[in-house]
Amino acid sequence: MIKKHYYSWQDIETMCMSIVKQMYIQNYMPDYIVGITRGGNIPATILSNMLDIPCEAIKVSFRNDDRVYKGHLLSQKIMDQNILIVDDINDTGATFKWIWNNWKLEKLHKVKFASLTENLSSDFGNVDFHVHEVNKAEEDVWLVYPWENIGEY
């Protein structure tokens, strides 16, 4: 049986505050926040409100579709700014890796990645800010964020 870990709305707010503190410690402040639909939009919006920074949304999905990218490409003006890309979890790493490779981010030193939860066995090891850690290679755990648990309580 898969173990489930439930996050509360208070957990999410606390995790977003922790990401803000980590950014302050590293002296990093984004000009734009990009939330990945679905799970990354809520923490991206919370961070955007906390920091009073514009927020964009994109969809990159590997779960139900095969390599789907929807939304507008960020303009070159935005791409030349500090960008924080946010998702709820860096799980397999496929989403962040796809963005890194397809947006050719190795050329952009101003882009950073944040996730509420970091899977230590992910194939993408470039997450700059995260709060909670799991290692799904060692323990199979299903993470349930408050926007996903409607009707589960």
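Right above here is the structure, for reference.
Owing to the predicted nature of the structure, the values given are computational and were not obtained by experimental measurement.

Student: So what exactly am I meant to see when it comes to helix H2 (residues 41–51) here?
Tutor: Spacing of three or four residues puts side chains on the same side of an α-helix, whose turn is 3.6 residues. For H2, the complete set of buried residues consists of Pro43, Ala44, Leu47, Ser48 and Leu51. One side of H2 carries all its buried residues, which in axial view fall inside an arc of 140°. Where H2 is buried, its residues touch helix H1 (9–25), strand S2 (32–37), strand S3 (55–61), strand S5 (83–90) and strand S6 (111–119).

Student: Can you help me understand the nonpolar core in this one?
Tutor: Within soluble globular proteins, side chains that are nonpolar generally end up buried alongside one another. Membership of the largest hydrophobic core comes to 24 residues, with the highest contact counts inside it found for Ile12, Ile33, Leu47, Leu84, Leu116 and Tyr145. If you list the elements that add at least two residues to this core, you get H1, H2, S5, S6, strand S7 (129–134) and strand S8 (141–144). The element that contributes the greatest number of residues to this core is H1, accounting for six residues. Ignoring sequence-local partners within four residues, the contact set of Leu47 consists of Cys16, Ile19, Val20, Ile33, Leu84 and Val86.

Student: Just to check I follow, could you spell out the environment of Tyr7 for this structure?
Tutor: Residue placement: Tyr7 occurs in the loop between strand S1 (3–6) and H1. Put simply, Tyr7 and Asn149 are 142 residues apart on the chain and 9.3 Å apart in space, counted from C-alpha to C-alpha. Looking at Tyr7, its side chain comes within polar contact range of the side chain of His132, at 2.4 Å.

Rules behind the numbers
- Residues numbered from 1 in each chain as written.
- Predicted model: local features only at pLDDT ≥ 70, side-chain atom pairs only at ≥ 80, totals over all residues.
- Heavy atoms only, no water.
- Buried < 20%, exposed > 50% of the residue type's maximum accessible area, 1.4 Å probe, protein only.
- Helix = DSSP H or I, 4+ residues; strand = E, 2+ residues; numbered from the N terminus.
- Arc of directions from axis to C-beta.
- Contact = heavy atoms within 4.5 Å.
- Core = buried A, V, L, I, M, F, W, Y, C linked by side-chain atoms within 4.5 Å.
- Polar contact = N/O pair within 3.5 Å; in protein donor to acceptor, adjacent residues only side chain to side chain.

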